[in-house]
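Read off the chains here:
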Amino acid sequence: MMMYLEAFLLYLLHIYHHLGISFFPSGSSYLMELHNHFFNITFISFFIFLLVLFKIVKIWSYNTSTVNLPPGPWKLPFIGNLHQIISRSLPHHRFKFLADKYGPLMYLKLGGVPYVIVSSPEIAKEIMKTHDLNFSGRPNLLLSTIWSYNATDVIFSIYGERWRQLRKICVIELLSAKRVQSFRSIREDEVTNLVKSITASEGSVVNLTQKILSTTYGITARAAFGKRSKHQEVFRSAIEEVASLLGGVCIVDLFPSIKLLQCLSRAKTKMEKLHKELDMTLQDIIDDHKSIHKEESNDEDLVDVLLKIQQENYHSQHPLTDDNIKSIIQDMFGAGTETSSEAVIWAMSAMVKNSNVMEQAQAEVRRVFDKKGYVDETELYQLIYLKSVIKETLRLYPVAPLLVPRESRERCQINGYEIPAKTRVAVNAWAIGRDPRYWVEAESFKPERFVNSPIDFKGTDFEFIPFGAGRRMCPGIAFALPNVELPLAKLLYHFDWKLPNGMKNEELDMTESFGITAGRKHDLCLIPIPRRF
Ligand code: HEM
């Protein structure tokens, strides 16, 4: 450093000398020679130093301007923050713990992948409303890409024309209020069968988790394929296996640049095999449907509707292929069955644990339906308290606690911080639903808070977003609600419930499982006591 300072001084002397200004006594040629000689060597190296310094400053200022990243914990080389996330607690719990320290917009590097974790209603609104278009991308995940026909479905598709077309079909044709209404008799039938099978187990322990999952699966299968068929059981077990694979952390997705990992991944091989099986089953179902010509009627199933659209759009710019139909049908199962059945199971668990809530909900259902003597969908709208129980359940136990991952399409600024393009975004709906700035006694199960409250899960109240918000928000709410409300109403109308082995209600364990959706870690097993009329 001193050498460069010296050189700089000599450089100044040199300039002064050329200007005729000298600091040396006249005739002091020795000093001037020395100065000229030294100048030649040091000036060049000084020039190089300046260039290097300029480069460093440029890189540094570039980094600090583009990489004015949101705060986050320190990172290790290669694995980034993985060591702080992989712990015994679940990712959404761990993210909340870290966000309490680093703030509601937190930057992490998970393996080789940049992540932003959102943990407040205000930042969620920035992401899913103000900058929604930019954050409407989905990351390219290995297993989901295999499962969803190279991400050509609705859930995992990148944002673009194809996604818009498929989403429109879902919203207008498959999941509209009218279409959902057309499946009413299927729902009532399947839930009546559920009640019958529980009644048959009177006095003994019933695994409610498994029974509800079968019922929801049965409803979706009949809505999608029509009558029961031999393919449905194959389809169901394959779907369950896929869900368990998608639920785990796939190391390949955390180090996308290491292609060797893909070749070694056993999950990939397994997913490819399952996908092949599912594809063949779905193709059989589609071919069966194609061979039977159906006139437009009320018993149209979802495959019929999609085949009709395929015929109508045959000559359009984006015709609907058989693979598109298969990927949409898979989405209906993947996004619609576990989510709805877990919501029912969490609501039952929370009511068993809070027996005063169970009593109020039962009193309401029995008051509304006692005149009829049975529960059907016509009077569900009157169950104000039960609807509040469902909302409170989704606040404390959102079945998709981190929603579905998004990805930024371009670089942008949120709250003064830079979010680079292709950053994955996880919105912690679980943490947001427990934010004490928005919720009084946030950790308590109090459905009354929603009675007479305008707060809803339609994506405009960012403190309550179990279905997400913005362009990628869940399009299946109308389909999901009767699948949750009807079984709950029937379970409360026909039975009282107690825990096995003399366990006290407040002792019920509410630990969540690890997976793409957060269900109960342990199945809910209860003893039904049928109501005598
Ligand atoms: C209680 C039940 C359900 C919950 C809690 C739920 C929740 C969610 C969430 C959080 C997302 C991601 C939203 C986002 O990225 O902002 C989503 C997406 C989606 N859901 Fe649901 N869902 C449920 C039921 C259903 C049902 C019954 C269906 C269809 C039969 C469905 C179809 C979809 C689809 C297709 C997407 C992808 C939307 C897109 O990327 O454009 N969901 N859901």
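Residues numbered from 1 in each chain as written. Predicted model: local features only at pLDDT ≥ 70, side-chain atom pairs only at ≥ 80, totals over all residues.

With an unreviewed UniProt entry as reference, the chain is termed Cytochrome P450 family 71 protein, source organism Medicago truncatula. Under the heading Cofactor (unreviewed entry), UniProt records this for the chain: "heme". (UniProt positions renumbered as here; feature names shortened; annotations may be inferred.)

Trainee: Sorry if this is basic, but what is going on with the overall build of the chain here?
Mentor: A count of helical and extended segments in the chain gives 20 helices and 9 strands. Looking at the chain residue by residue over its 533 residues, the buried ones come to 38%. Counted over contacts in the chain with a minimum sequence separation of 6, partners at least 24 positions apart contribute 74%. (Helix = DSSP H or I, 4+ residues; strand = E, 2+ residues; numbered from the N terminus. Buried ≥ 20, exposed ≤ 12 C-beta atoms within 10 Å, placed from the backbone. Contact = placed C-beta atoms within 7 Å.)

Trainee: Would you take a moment to explain the site of the ligand for this structure?
Mentor: The immediate surroundings of the ligand are formed by 27 residues, with Ala-335, Gly-336, Gly-468, Cys-474 and Gly-476 found nearest. At the level of elements, α7 (161-174), α16 (322-353) and α20 (477-494) are the ones that each hand at least two residues to the shell around the ligand. By residue number, the principal contributor to the shell around the ligand is α16, which donates 7 residues. (Near = placed C-beta within 6 Å.)

Trainee: What's the story with the UniProt feature "binding site: heme" (unreviewed entry) in the chain in this structure? I'm lost.
Mentor: UniProt tags Cys-474 as "binding site: heme" (unreviewed entry). Counting through the fold element by element, Cys-474 comes out in the loop between α19 (429-432) and α20. Aside from chain neighbours lying at most four places away, what touches Cys-474 is Phe-467 and Gly-468.

Trainee: Please explain the environment of Met-106 as it appears in this structure.
Mentor: Mapping Met-106 onto the fold places it in strand β1 (residues 105-110). Discounting residues that sit within four places of it in the chain, Met-106 has contacts with Pro-70, Pro-71, Gly-72, Leu-98, Ala-99 and Ile-117.

Trainee: When you look at the sheet that holds strand β4 (residues 406-407) in this model, what are you seeing that I'm missing?
Mentor: Sheet strands line up and pair through hydrogen bonds in the backbone, either parallel or antiparallel. In space, the 4 strands of this open sheet follow the order β1-β2-β7-β4, with mixed pairing throughout. Each edge of the open sheet carries a strand with a single partner, namely β1 and β4. Direction of pairing for β1 relative to strand β2 (residues 113-118): antiparallel, over a ladder of 6 bridges. Considered in β2, the bridge of Lys-109 is made with Pro-114. Contacts from helix α4 (residues 91-102) reach β1, β2 and β7 (424-427), with the element oriented near 125 degrees to β1. (Pairing = 2+ DSSP bridges. Axes fitted to C-alpha atoms, helices over the stretch in contact; angles between N-to-C directions.)

Trainee: What is the right way to look at the sheet that holds strand β3 (residues 206-207) in this model?
Mentor: The strand order across the open sheet formed by 3 strands is β3-β9-β8, and the pairing between neighbours is antiparallel. Each edge of the open sheet carries a strand with a single partner, namely β3 and β8 (495-498). Sheet topology note: the β3/strand β9 (residues 525-530) ladder contains 2 bridges and is antiparallel. If you follow Val-206 over to β9, its bridge partner there is Leu-526.

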